[in-house]
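Breakdown of the fold
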Amino acid sequence: MLELWNQVPPVLQTVVYILVIIVPLLVGMAMLTYFERKVMASMQLRQGPALVGPFGLLQPFADGIKLLGKETVIPAGANRVVFVAAPMLTFFLALVAWAVIPFGEGMVLADINVGILYLFAISSLGVYGIIMAGWASNSKYAFLGGLRSAAQMVSYEVSIGLVIITVLLCVGSLNLSDVVEAQRTVWFCIPLFPMFIVFFISALAETNRAPFDLPEGESELVGGYNVEYSSMTFALFFLGEYINMILMSGMTTVLFLGGWLPPVDVAPLNWIPGPIWFVLKIIFCLFVFVWVRATLPRYRYDQLMRLGWKVFLPFSLIWVVLTAGVLVAFDWLPK
Amino acid sequence: MALTAIAFYAFAAILLASAVMVISAKNPVHSVLFLILAFFNAAGLFVLIGAEFVAMILVIVYVGAVAVLFLFVVMMLDINFQELRHGFLQYLPIGGIVGLVLAVELVLLVGVRFSAPGAASQGVTPTPEAVTNTEALGRIMYTDYVYAFQASGLILLVAMIGAIVLTLRHRTGVRRQSISQQLDRKRGDVLAVRKVPSRGGV
């Protein structure tokens with residue numbers, strides 16, 4: 001079987017690997033919408049989707065087929081090319097980041113040296129899909145949503161960058177597999193606990209999730225940057241947004257929760273293969289995402305900016321200096 | 001190798017085409033979007049010559065932050081851009097001269113490789129042996145030239161403070177929220193529980 005696989009040309013092998021990543025990802029995204037609705041329903045003493053399929057499991061697929069059947073409406077005043085390109089860009093960027101995520105030991109599509117910078121670069125591009133959609137729709141609500149979102153994402157990227165620097169100081173490499181390997185003794189969420197919290201909150205803001213979902217605040221902006229979108233164009237935004245959530249959970253897992261490593265390296269736990277640990281940790285992060293959404297009210301816009309610039313930025317900057325100082329003082333620097 | 005050559009020509013062609021579109025597009029927002037495409041392809045070229053750290057920094061800094069601000073400003077502007085084009089012919093000679101000087105300099109730079117073959121080995125190589133280029137860059141900036149690097153950082157800091165000072169204005173008559181003051185409030189400061197007698201009022 002393995003010999004047969006080795007005879008397949010490398011380009012075709014890569015295509016197969018890509019499909020092996022993307023297909024479960026898309027199914028996982030569909031199940032995430034179901035998971036979110038079910039978890040929020042339980043938190044609010046409701047049933048949630050329960051009618052389509054057993055326990056309502058087929059609900060996300062029914063929703064997807066319904067969206068496909070709708071008509072794509074392009075507003076008369078819209079800038080057609082940019083209007084259509086924006087959702088494609090969002091979806092494309094959400095998928096392309098997965099190339100460097102290590103699912104297990106050696107299980108990564110592109111094991112590049114600057115993996116973490118690549119992730120950071122791709123996630124900083126996500127703002128373009130939104131700002132392009134807001135502008136091209138030629139609608140006030142969409143434009144306001146786009147501007148809010150752009151400002152928000154740029155602000156929180158700064159603190160995410162500083163958190164990443166702190167982690168890198170402890171690892172001594174920009175390669176994501178090395179980041180995970182460095183956590184064999186202890187996961188970074190324990191020594192760097194405050195940064196873990198800062199990173200998670202910034203991830204909420206970066207993915208425009210509650211309590212930072214101002215860009216689509218339906219109470220004042222109707223629906224934010226995607227008001228004018230319908231059918232498949234809307235579906236692509238929706239897909240991109242949820243895949244970004246999974247991606248941010250994956251980043252949290254790799255940076256702070258030890259990636260594919262089991263919590264402690266003892267017998268019954270290290271029998272479970274690495275990718276399963278990885279997925280379990282991602283599901284845990286996603287649960288927290290949903291939990292936060294069901295619990296907290298939405299932030300006011302100026303408070304959101306204050307939190308990003310006046311609280312997180314100085315705090316994470318101080319932690320970078322502190323971590324570097326401790327590492328140098330005790331001679332703990334890697335290598 | 002053939003794949004690398006194809007990638008190089010694709011990146012280079014798209015880079016040049018989008019650079020032309022930046023200055024010829026009618027809509028300024030399209031210009032900025034083409035500029036972003038140009039940055040992106042330049043990053044691709046950097047990856048091809050093995051300078052992946054520079055490529056990623058280019059995307060993070062220019063595409064992720066600077067171009068977003070460009071886009072922000074251009075979208076908010078309300079200017080008749082047809083009117084701005086009137087001076088096009090007037091500025092053409094100056095622009096042409098600047099372009100010509102740059103082109104001559106580029107040709108000279110490439111020409112050096114042929115006239116003095118030894119010069120190329122003296123130059124900075126994108127991938128030094130045995131270290132990743134992130135490490136090589138870090139060594140140059142933080143070990144070999146740390147004072148120059150810190151000085152340039154200070155200059156940037158001063159420039160930033162200057163920009164803030166120029167735009168800062170204290171407005172009077174604005175009610176600001178003081179979060180610490182709000183959180184400091186005790187129940188006794190703001191709330192009084194009274195027994196209200198029936199038909200008596202407070």
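Residues numbered from 1 in each chain as written. Chains lettered and ligands numbered in written order. Predicted model: local features only at pLDDT ≥ 70, side-chain atom pairs only at ≥ 80, totals over all residues. Heavy atoms only, no water.

**Some details on the domain arrangement of chain A**
Residue and element names in this part refer to chain A.
- Partitioning chain A into domains gives domain 1 (1–69) and domain 2 (80–329).
- At the junction of the two partners, domain 1 supplies 18 residues and domain 2 supplies 23 residues.
- A combined buried area of about 1900 Å² lies between domain 1 and domain 2, and 88% of that area is made up of carbon and sulfur atoms.
- Inspection of the region where domain 1 meets domain 2 yields two salt bridges.
- Linking glutamate 36 and arginine 209 is a salt bridge whose minimum nitrogen-to-oxygen distance equals 2.7 Å.
- There are four residue pairs in polar contact (both at pLDDT 80 or more) connecting domain 1 and domain 2. (Domains from an automatic or database assignment. Contact = heavy atoms within 4.5 Å. Buried area = accessible area lost by both parts, 1.4 Å probe. Salt bridge = Lys/Arg side-chain N within 4 Å of Asp/Glu carboxyl O. Polar contact = N/O pair within 3.5 Å; in protein donor to acceptor, adjacent residues only side chain to side chain.)

**Digging into helix 3 (residues 52–76) of chain B**
- Over its 25 residues, helix 3 of chain B runs 34 Å from end to end, which matches the ideal 36 Å to within 8%, given 1.5 Å per residue.
- Bending of helix 3 of chain B peaks at approximately 35° at the position of B:Ala67. (Helix = DSSP H or I, 4+ residues; strand = E, 2+ residues; numbered from the N terminus. Expected span 1.5 Å × (residues − 1). Bend = angle between axes of the 7 residues up to and from the residue.)

**Focus: the UniProt feature "transmembrane region" (unreviewed entry) in chain B**
All names here are of chain B.
- In the numbering adopted here, UniProt assigns the feature "transmembrane region" (unreviewed entry) to residues 6–25, 32–51, 57–79, 91–112 and 147–168.
- For the annotated span residues 6–25, helix accounts for 95% and strand for 0% of the residues, and the straight-line distance between the end C-alpha atoms is 27 Å.
- In this annotation, residues 147–168 is assigned 95% helix and 0% strand; the end-to-end C-alpha distance for the span is 31 Å. (UniProt positions renumbered as here; feature names shortened; annotations may be inferred.)

**So, the domain arrangement of chain B**
- Taken domain by domain, chain B comprises domain 1 (1–79) and domain 2 (131–165).
- A straight line from the C-alpha centre of domain 1 of chain B to that of domain 2 of chain B covers 24 Å.

**Side note on empty space enclosed by the protein**
Residues and elements named next belong to chain A.
- Following the criterion strictly, the structure yields two cavities of 30 Å³ or more and no others.
- In this structure, the largest cavity occupies an estimated 240 Å³ of space.
- Lining the largest cavity are 19 residues, with Gly126, Met153, Glu206, Thr207 and Asn244 positioned closest to its centre.
- For the lining of the largest cavity, the elements supplying multiple residues, two or more each, are helix 4 (80–96), helix 5 (115–136) and helix 10 (231–256).
- Reported here for the second largest cavity is a volume of approximately 30 Å³.
- Contributing to the lining of the second largest cavity are Val100, Val108, Ala110, Asp111, Ile112, Gly115, Asn175, Leu176 and Ser177.
- Of the residues in the lining of the second largest cavity, the class split is five nonpolar, three polar and one charged. (1 Å grid on protein atoms, 1.4 Å probe; cavity = no way out; pocket = protein on both sides within 12 Å on 5 of 7 lines; lining within 4 Å. Points joined across faces, edges and corners; volume = space filled by probe spheres on them. Nonpolar A, V, L, I, M, F, W, Y, C, P; charged D, E, K, R; others polar.)

**Digging into the layout of surface pockets**
Residues and elements named next belong to chain A.
- Its boundaries defined by the atoms lining it, the second largest pocket holds a volume of some 1200 Å³.
- What lines the second largest pocket is a set of 42 residues, and nearest its centre among them are Met29, Thr33, Phe234, Phe238 and Tyr242.
- For the lining of the second largest pocket, the secondary-structure elements that each account for two or more residues are helix 2 (10–43), helix 3 (59–68) and helix 10.
- Taken together, domain 1 (1–69) and domain 2 (80–329) each give at least three residues to the lining of the second largest pocket, which thus spans both.

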